[in-house]
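Below, each chain spelled out in residue letters.
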Amino acid sequence: MAGRFITFEGGEGCGKTTQIKLLAEYLQKKNVDVVLTKEPGGTPIGQELRKMLCTGDKDKFDAVAEALLYYADRRVHMQQKVLPALNKGEWVISDRFADSTMAYQYYGYNKRLSKEMLNNLYEMTVGNFYPDLTIILDIDPKVGLQRSIARNNQTQANETRHESRETEFHENLRRGFLEIAKTADRYVVLNADVSIEDLHKQIVAVIEKRLF
Ligand code: TMP
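How each quantity is defined
Residues numbered from 1 in each chain as written. Predicted model: local features only at pLDDT ≥ 70, side-chain atom pairs only at ≥ 80, totals over all residues. Heavy atoms only, no water. Helix = DSSP H or I, 4+ residues; strand = E, 2+ residues; numbered from the N terminus. Expected span 1.5 Å × (residues − 1). Buried < 20%, exposed > 50% of the residue type's maximum accessible area, 1.4 Å probe, protein only. Contact = heavy atoms within 4.5 Å. Polar contact = N/O pair within 3.5 Å; in protein donor to acceptor, adjacent residues only side chain to side chain. Axes fitted to C-alpha atoms, helices over the stretch in contact; angles between N-to-C directions. Parallel < 35°, antiparallel > 145°, perpendicular 65-115°, else oblique. Left-handed = near helix turned anticlockwise from the far one by under 90°. Nonpolar A, V, L, I, M, F, W, Y, C, P; charged D, E, K, R; others polar.

## Notes on helix α7 (residues 167–181)
The end-to-end C-alpha distance of α7, which contains 15 residues, comes to 21 Å, matching closely the 21 Å that a straight helix rising 1.5 Å per residue would cover. The set of residues buried in α7 consists of F169, H170, N172, L173, G176, F177, I180 and A181. Tucked into the core, α7 has its buried residues touching β1 (4–10), α4 (98–108), β4 (133–138), α6 (141–155) and β5 (187–191).

## Re the environment of E66
Within the secondary structure, E66 sits in helix α3 (residues 63–87). You can call E66 buried: its relative accessible area is 0%. Linking E66 and M52, residues 14 residues apart in sequence, is a C-alpha distance of 9.7 Å. Dropping the residues within four chain positions of it, E66 is found in contact with L53, F61, Q105, Y109, R161, H162 and R165. In terms of polar contacts, E66 uses its side chain to reach the side chain of R161, at 2.7 Å.

## A look at the packing of α4 against helix α5 (residues 115–125)
Between α4 and α5, whose axes approach to 10 Å, the crossing angle comes to 160°. Taken together, the axis directions place α4 and α5 in an arrangement best described as roughly antiparallel. α4 and α5 meet at a crossing whose hand is right-handed. Together, A98, T101, M102, Y106 and Y107 of α4 and K115, L118, N119 and Y122 of α5 make up the contact between the two elements. Taken together, the residues of the contact of α4 with α5 break down into six nonpolar, two polar and one charged.

Right, here's the structure in full:
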């Protein structure tokens, strides 16, 4: 079977990472070759960029500089990991992709840069290529941020740059994802404020319906 590209999107603490792991286990049981990856940080160069982007002061870059760095990560990720895996017929599941740039750097920052700039960057770095399916996990930012702060405390992660932004930023980006979801058929929005098991079942149902 041909490779498939599935992306997961959503605000902080929406549960993407847990759901991606469960989905990978499900697909592996069906003998699908699965590659799990993420943005930023799906490659060694991406890991360096991730450190720059996700730690430190929230105001150390503006939206334009951030968008360029996320797209640099994406370019390397596409070339070194995503496309080679798809060409081998593997299914690639990415924890975030370009919709995150539109949601965070455009909607989150309340449209301080132009949508055209982001669309041009997409065309330049990714080209005429899109995920087969994008699952957006929708959650009230108050609930999501609490989850993600608890996780950071547990793992002692210091990736708090975006989490430390004001509530308005998170409300904007949630609305942004919902707007983005209206623009193409590849998007499916699921309410993430349910149990891990329930959400997994819903994701499996979507995958079975759309990709098998
Ligand atoms: P993660 O914690 O879900 O792995 O995502 C890393 C952070 O980077 C998260 O706060 C969202 C942010 N981000 C953007 O702002 N723009 C992007 O294009 C991507 C891929 C992530």
